[in-house]
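So you can see what is in the structure, the chains are spelled out below.
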Amino acid sequence: MTDASALRERTREFLAAHPPATTGRGDFLRARFDAGLAWVHYPEGLGGLGAPRSLQAVVDAELEAAGAPDNDPRRIGIGLGMAAPTVLGFGTEEQKRRFLRPLWTGEEVWCQLFSEPGAGSDLAALGTRAVRDEASGDWIVNGQKVWTSSAHTARWGILIARTDSERPKHRGITYFVCDMTDPGVDVRPLRQITGEAEFNEVFLTDVRIPDAHRLGEVGEGWKVAQTTLMNERVSIGGMRIPREGGMIGPVARTWRERPELRTHDLHQRLLKLWVDAEVARLTGERLRQQLVAGQPGPEGSGMKLGFARLNQEISGLEVELLGEEGLLYDDWTMRRPELVDFTGREAGYRYLRSKGNSIEGGTSEVLLNIVAERVLGLPSEPRTDKDVAWKDLAR
């Protein structure tokens, strides 16, 4: 299936057989997956048709015009943007067929169990342990994860744990799928500066994971995790948005509607940030076009860097533009939201929440190193722990 006209006709035939107006949302989404119209570049039988990624836009346009429901991608972004490509790349056929359909339809939410209190920027230093139970073949996991989005709503978690402390830190890690409903999984809210508890900390106590839920080979988890991380940065920094979408939209709207707030200095700063936002948007479009030819690379780190800087500068400008109004904050109620909505609340929320953009999904400092070494080809920083067994590292 490589022809846009044929794919358009196939989508129309699907809509005729499953009218959005009379088909239940869940039934519609499951049927769309089974028809290969979920993500057309995936293999047949796994929600796709083995078609070029660029043809997804043809399907999406037909479905949108017909008023078809979507799968609420913001709510299940971790599953769509991080878990799915990892399962596709490293999962067994059985794992792909078990996990991908309910992941895409949103029936099963996913979270990411990577960061730890002592292993954030230096993720490979993680200390959560997975020990093999020789009698059953299962893995017994103990440890703590932190800054886990959606853990309070998730059915599954993508988890990396140390399975060999005798090897250097990057080479003794294994990648698992963790059932978040299992005994021993304790999810606790982390209240943020915004008042919400969007993130969680997760304590794992003797959690039993069957070997059938391992992704990739034992000890090769860092390699698998790189697929997750590269896709994560693209999903955060390379989201498709319209012109004046995202954080720049509310500021531009306030500027037009409130002429009494304008000053020459703020005007110059707004013009610069508007141009920067448009450059970032177009760069994101180019990155998505590059993805048609293969997997995401280190360029996604550059996009995520720009996303964090822009959000923080734009939200700062918005607070200044509003003056005293910018200091107001509507609600400090403790919530555990299912998604982050940057534009659905007031300027104070955007200002506070954007502070986390330079930390989540890889800190800006780490991403600068990735861009320097893997994009610009600059020499890597000296590392004294590269060949040292994890158990011998200072902690």
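Bear in mind that the values here come from a model prediction, so they are computed numbers and not experimental data.

## Concerning the packing of aromatic side chains
For any two aromatic rings, the description comes down to two numbers: the centre-to-centre distance and the angle of the planes. Summed over all chains, the structure comprises ten aromatic pairs. For the pair W39 and Y42, a centre-to-centre distance of 4.2 Å together with 25° between the ring planes defines the contact as stacked. Y42 shares its class with W39; the two are buried. Here W110 and W156 contribute two aromatic rings whose centre-to-centre distance is 6.4 Å and whose plane-to-plane angle is 35°, an arrangement assigned as tilted. Of this pair, W110 sits in strand β1 (residues 110-113) while W156 sits in strand β4 (residues 156-162), placing them 46 residues apart in sequence. A residue is classified by how much of its surface remains accessible, and W110, at 2% relative accessible area, is buried. Judged by relative accessible area, which is 4%, W156 ranks as buried. Site record: aromatic cluster; members linked through ring pairs are F99, W110 and W156. The ring centre of W156 lies 4.3 Å from the NZ or CZ of R155, which sits over that ring.

## Focus: the pattern of salt bridges
Going through the model one piece at a time under the given rule, you end up with 37 salt bridges. Of the charged contacts, one joins E93 and K96 as a salt bridge, the two residues approaching to 3.3 Å between their closest N and O atoms. Here E93 and its partner K96 are both found in helix α5 (residues 93-105), three residues apart, which amounts to about one turn of the helix. One salt bridge connects E278 with R281, and the closest N-O pair in it is separated by 2.7 Å. Pair noted here: E278 and R281 are both in helix α8 (residues 264-291), with a separation of three residues, about one helical turn. Because the salt bridges share partners, they merge into one network encompassing E196, D330, D331, R335 and R345.

## What about the environment of L126?
Secondary-structure assignment places L126 in the loop between β1 and β2 (129-132). The spacing of L126 and Q144 is 18 residues in sequence and 9.5 Å in space, taken between C-alpha atoms.

What counts, and at which threshold
Residues numbered from 1 in each chain as written. Predicted model: local features only at pLDDT ≥ 70, side-chain atom pairs only at ≥ 80, totals over all residues. Heavy atoms only, no water. Phe/Tyr/Trp six-rings, centres within 6.5 Å; stacked < 30°, edge-to-face > 60°. Buried < 20%, exposed > 50% of the residue type's maximum accessible area, 1.4 Å probe, protein only. Helix = DSSP H or I, 4+ residues; strand = E, 2+ residues; numbered from the N terminus. Lys NZ or Arg CZ within 6 Å of the ring centre and 35° of its normal. Salt bridge = Lys/Arg side-chain N within 4 Å of Asp/Glu carboxyl O.

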